[in-house]
Amino acid sequence: MSRADVLVLFGATGDLAKKKLFPALYEMEATGELEIPVFAVASSKWTQEEFKMRASSSIRERKEVLEEPVDEDVLNKLLDKLFLVVGDYKDPLTFTKLREAITGFKLPVIYLAITPGMFTDVTQGLANVNLTASARVVVEKPFGRDLSSAIDLDESLKKLLPEDQIYRIDHYLGKESVEDLLAFRFANTLFEPVWNRNYISNIQITMSEDFGIEGRGNFYDEVGALRDVVQNHLLQVLSMLTMEPPIDMSSRALQDEKLKTLSSVRKQIPDDVIRGQYVGYLDETGVAKNSQTETFIAMKLYIDNWRWAGVPIYLRTGKKMAETTMEAVVEFKQPPRQLFSLNSSKLPDPNIVRFRMGRHDGVDLSLQAKSPGYALTTNTIDLTVEFAAALGERKEAYERLLDAAILGDHFRFTRIDAVLQSWAIFDDVLKAPSKLQPYFEGSWGPDEAQELVPGGWAICGKAADKSP
């Protein structure tokens, strides 16, 4: 793999660049990994100074949230590497200006932080000035709106770019905590022998947010929770948790196993899916008055293969929930005989493994230990590991993904066959969505979703954290 010598960023004045990309570039500069210039392309008629002030402000805002100081020397070095090309994406002159600006560079990474509807137009504009010949083109999710549109989008891009030059981002694949799922399973012989239908009762995956759409009504109302989170983020976590071990850790081997798993997921039907919309969503700016867009979705699905046959897997995500968390809970079956329970109507809690993949990522093991005293009963104890405390602070997802694209490593990106298969799972649900159920801010979604899991969902996030 050859290292790219220039980064081109389309959508440099957008929300993604402000919240994620510029802070990631700053961190790369701080660690000496950003050895190339960055040319931003935007339709906003800003001066170079206005553009650099925007980048600087986004970095300072992010550091303030993290309660970390800004290294002014690092910031200034980054700003010296930033250059702005102003122009409309539908104007051929914009691409001519870009080609002239990066003359002399041989291997560009071109990041399309723009809406999917503009991917083809921008890629065609790049091809018209011969900038796609050797470029690595990074496209943001969602890749299409459904199976049909994803196929159409892929066909339009493939007319201009081969598969190995396309890097489809799902930022969850850049998260250390998601990769930890692979290490936990395949680097520890303690767990792999019981990681199957014989010992596991169910799997629950939750991504919840305690905030709403934050002024993004025009975008979110066209997308909804299924397209925004489930089809990409949650299925990536699901595939990591349930895939067979790859023959090695190459990108191709990993993608092959993910595809096998996704191909085994039973196609969802509307009756298996509970959709919700928080009370007050219709009053949000940019939201249609009669909007049927879900802000919450929960479902039960099955993987019809030898390892997981009959094991229910529950997914849920939502806005304005009780708390913000991202976790996967693997619940094990009860022992074949209860030897330590004096009350047969109240069995001990099952063993669980909880993977926390949010900001305070880590893993919790919930086990049974003998209660003090004469009686032969047990209590639940939790063994908790905070990855940052045990292993040190890790890089943010976009920092790792930008670095991977510059290096030309597909390992942390999605492959088109898996993308299309993930859309196929939800094709019927998207064509005929189930009825919306209302829920209130600060809850865990509609009542029907709480009843989806026999015995209830595992306690999430802060409520499950027994640490002081």
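Residues numbered from 1 in each chain as written. Predicted model: local features only at pLDDT ≥ 70, side-chain atom pairs only at ≥ 80, totals over all residues. Heavy atoms only, no water.

J.: How should the overall build of the chain be read in this particular structure?
T.: Per the secondary structure count, the chain includes 16 helices and 15 strands. At 24 Å, the chain has a C-alpha radius of gyration in line with the 23 Å of a compact globule built from 468 residues. For the chain, buried positions account for 52% of its 468 residues. In the chain, 77% of the contacts between residues at least 6 apart in sequence involve partners at least 24 apart. Within the structure as shown, the chain displays about 21600 Å² of accessible surface, and the carbon and sulfur contribution to it stands at 53%. (Helix = DSSP H or I, 4+ residues; strand = E, 2+ residues; numbered from the N terminus. Rg over C-alpha atoms; globule rule 2.2 N^0.38 Å. Buried < 20%, exposed > 50% of the residue type's maximum accessible area, 1.4 Å probe, protein only. Contact = heavy atoms within 4.5 Å. Areas by Shrake-Rupley, 256 points an atom, 1.4 Å probe, with all protein chains shown as cover.)

J.: What's the story with helix α5 (residues 119-128) in this structure? I'm lost.
T.: Residues three or four positions apart in an α-helix share a direction because the helix packs 3.6 residues into each turn. When we look at burial in α5, the residues that qualify are Phe 119, Val 122, Thr 123, Gly 125 and Leu 126. Buried residues in α5, looked at end-on, bunch into an arc of 155 degrees, giving them a common side. On its buried side, α5 packs onto β1 (6-10), α4 (92-101), β4 (108-112), β5 (136-139) and α6 (147-158). Just beyond α5, the residue with positive phi is Asn 130, at close to 65 degrees. (Arc of directions from axis to C-beta.)

J.: I'm lost on the pairing of strand β2 (residues 38-42) in this one. Help?
T.: It is a general feature of regular strands that their side chains alternate between the two faces of the sheet. Within β2, five of the five residues are buried, which leaves it mostly tucked inside the rest of the structure. Neither face of β2 is exposed, since Val 38, Ala 40 and Ala 42 on one face and Phe 39 and Val 41 on the opposite face are all buried. Alignment of β1 against β2, held across four bridges, turns out to be parallel. Along β2, the bridge assignment pairs Leu 7 with Val 38. The β-α-β motif built from β1, the intervening helix α1 (residues 15-30) and the parallel element β2 has right-handed crossover chirality. Bridge count for β2 against strand β3 (residues 82-86) is five bridges, and the pairing is parallel. Bridge assignment links Val 41 to a residue of β3, and that residue is Val 85. (Pairing = 2+ DSSP bridges. Right-handed = clockwise from strand over helix to strand, strands pointing away.)

J.: What is the right way to look at unusual backbone geometry in this model?
T.: Here Lys 141 and Pro 142 are connected by a cis peptide whose omega angle stands at 5 degrees. Looking at the secondary structure, you find Pro 142 in the loop between β5 and α6. The phi dihedral of Glu 67 falls on the positive side, at around 60 degrees, and the residue is not glycine. On the basis of relative accessible area, Glu 67 is assigned to the exposed category, the value being 73%.

J.: How do you make sense of the nonpolar core when you look at a structure like this?
T.: Nonpolar side chains in soluble globular proteins tend to end up buried together. Of all hydrophobic cores here, the largest spans 95 residues; its most connected members are Phe 10, Trp 195, Ile 205, Val 237, Leu 241 and Phe 355. In terms of residue count, the dominant contributor to this core is helix α9 (residues 224-242) (ten residues). Membership of the second largest hydrophobic core comes to 39 residues, among which are Leu 9, Tyr 26, Leu 75 and Leu 107. (Core = buried A, V, L, I, M, F, W, Y, C linked by side-chain atoms within 4.5 Å.)

J.: Help me out: how do you make sense of the pattern of salt bridges in this one?
T.: Pairing between side chains of opposite charge can happen when their charged atoms approach one another. By the definition in use, this model includes 36 salt bridges. Of the charged contacts in the structure, one is a salt bridge between Lys 319 and Glu 209, with a shortest N-O distance of 2.8 Å. Here Lys 319, found in the loop between β10 (313-318) and β11 (325-332), pairs with Glu 209, found in the loop between β7 (200-208) and α8 (217-220); they are 110 residues apart in sequence, far enough to count as distant. A residue is classified by how much of its surface remains accessible, and Lys 319, at 5% relative accessible area, is buried. Judged by relative accessible area, Glu 209 falls into the buried class, the value being 15%. Overlapping salt bridges, with partners in common, bring together Glu 327, Arg 354, Arg 356, Asp 364 and Glu 386 in one network. (Salt bridge = Lys/Arg side-chain N within 4 Å of Asp/Glu carboxyl O.)

J.: How do you make sense of the side chain of Lys 258 when you look at a structure like this?
T.: Structurally, Lys 258 can be placed in helix α10 (residues 251-264). Of the buried charged residues, Lys 258 lacks a salt bridge, with Asp 170 as the closest side chain of opposite charge at 7.9 Å. A distance of 3.0 Å separates a polar atom in the side chain of Lys 258 from a polar atom in the side chain of Gln 236. The residues contacting Lys 258, other than those within four sequence positions of it, are Leu 173, Gln 236, Ser 239, Met 240 and Met 243. (Lys, Arg positive; Asp, Glu negative; His and termini not counted. Polar contact = N/O pair within 3.5 Å; in protein donor to acceptor, adjacent residues only side chain to side chain.)

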